[in-house]
Amino acid sequence: MIGVRKVSLALLLLLTCAVGAGVVYLVEHDVPIRNAGTTPTDTFFPPPPTRPESSAPTTDLPSTGAPSSGATTSPPTAMKITFLGDDYTAGVGANPQSKSWTQLVGKQLHVEVTVVGESGAGYAKKSGDGKMYSSLVDKVVASTPDLVVVSGGRNDVGDASSTLHAAAHALFASLHQKLPNARLLAIAPWWGDSPHPAPLNTVDQAVRSGVRAAGGKYVNKPDPLGGHPGFMKDAADPNNKGYRAIADSVTSAIGAQLPR
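The notes below deal with the structure included here. (Residues numbered from 1 in each chain as written. Predicted model: local features only at pLDDT ≥ 70, side-chain atom pairs only at ≥ 80, totals over all residues. Heavy atoms only, no water.)

Structural notes on the overall build of the chain
Here is the rule we go by: Under the DSSP-based scheme used, a helix requires at least four consecutive residues in state H or I and a strand at least two consecutive residues in state E, with every element numbered from the N terminus.
Looking only at helices and strands, one finds seven helices and five strands in the chain. Reading the chain from its N end, one meets helices and strands in the order α-β-α-α-β-α-β-α-β-α-β-α.

What follows is the structure, encoded as structure tokens:
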């Protein structure tokens, strides 16, 4: 028994020495101990990376090379057309007024439109309010147009040729004097669905002569209302279909006179 105890004591001493030597080795060589200071249930997660600080706010919008939706640009200034005339220019018979030929032309050409129309008026004929085209010049000038389009003349049928020529020349001369930078365009008079009466030719000649003398242009298109009773609201004025026909017949000619 004494021998067995001596052996056991010797083994215990030997084991103690071995453990001590191992501890000394780890300490001297700075070997890390796995999971030191933690329990088996602990899990280590590295801290998430931090976004670098910036002095300016950032957005995560994709770069397209184009301005963002918040950017604003100034639209180009629209050309201005002022229409001067009679019942047709005023849009009598159109329902609503947006269906009148002047408004249809403006929409098609993407221009700003001013309408100076006087029902019953003409180059020499006074309306029920005592106004003829020359009485409306100041309104035309106030609209600061790039192009003035004068139409009508059916109310002037029956006036003397000399009277019509004098009135037409005076009108276009006044427009040119007061709006030297505006272009002038005159359109041959329309009559309606029935054939043109012979006296309308006198009006036609006077208007052509007057606008050309002032450096303007003259447009003589076939009457788009002729032979189409369905285009008339009554014996005098067109309906929406008639105004659409008028607009279709003159839009390109008017657009060609806009300054470029």
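So, the packing of helix α3 (residues 101-109) against helix α7 (residues 240-255)
This is how the line gets drawn: The angle between two axes is taken between their N-to-C directions and runs from 0 to 180 degrees, where each axis is a line fitted to C-alpha atoms and a helix contributes only its stretch in contact. The cut-offs work like this: below 35 degrees is roughly parallel, past 145 is roughly antiparallel, 65 to 115 is roughly perpendicular, and the gaps in between are oblique. Helix crossings get a hand from a simple test, with the near helix turned counterclockwise from the far one by less than a right angle marking a left-handed crossing and a clockwise turn marking a right-handed one. A contact between two residues is defined here by any heavy atoms of the two lying within 4.5 Å. Here the nonpolar group is Ala, Val, Leu, Ile, Met, Phe, Trp, Tyr, Cys and Pro; Asp, Glu, Lys and Arg are the charged ones; every other residue, Gly included, is treated as polar.
Where α3 meets α7, the axes come as close as 9 Å, and the angle between the chain directions of the two elements is 45 degrees. When the axes of α3 and α7 are compared, the pair comes out oblique. Note that α3 runs across α7; the crossing there is right-handed. Within the contact between the two elements, α3 uses W101, L104, V105, Q108 and L109 and α7 uses Y243, R244, I246, A247, V250, T251, I254 and G255. Split by residue class, the contact of α3 with α7 holds nine nonpolar, three polar and one charged.

Some details on the environment of F172
Here F172 shows up in helix α5 (residues 161-178). Here the alpha-carbon distance between F172 and S209, two residues 37 residues apart in the chain, equals 9.9 Å. In this view, F172 contacts Y123, V150, L184, A186, V207, G210, V211 and A214; residues no more than four positions away in its chain are not counted.

Topic: the sheet that holds strand β1 (residues 80-85)
To summarise the sheet geometry, strands pair through backbone hydrogen bonds and adopt either a parallel or an antiparallel arrangement. Spelled out, the test is: For two strands to be treated as a pair, DSSP must find at least two bridges joining them.
Pairing within the open sheet is parallel, and its five strands lie in the order β2-β1-β3-β4-β5. The open sheet has two edge strands with one neighbour each: β2 (112-117) and β5 (217-219). The mean inter-strand angle of the sheet, taken between neighbouring strand axes irrespective of direction, is 20 degrees. The sheet contacts of α7 involve β1, β3 (147-150), β4 (183-187) and β5, and relative to β4 the element is tilted by about 160 degrees.

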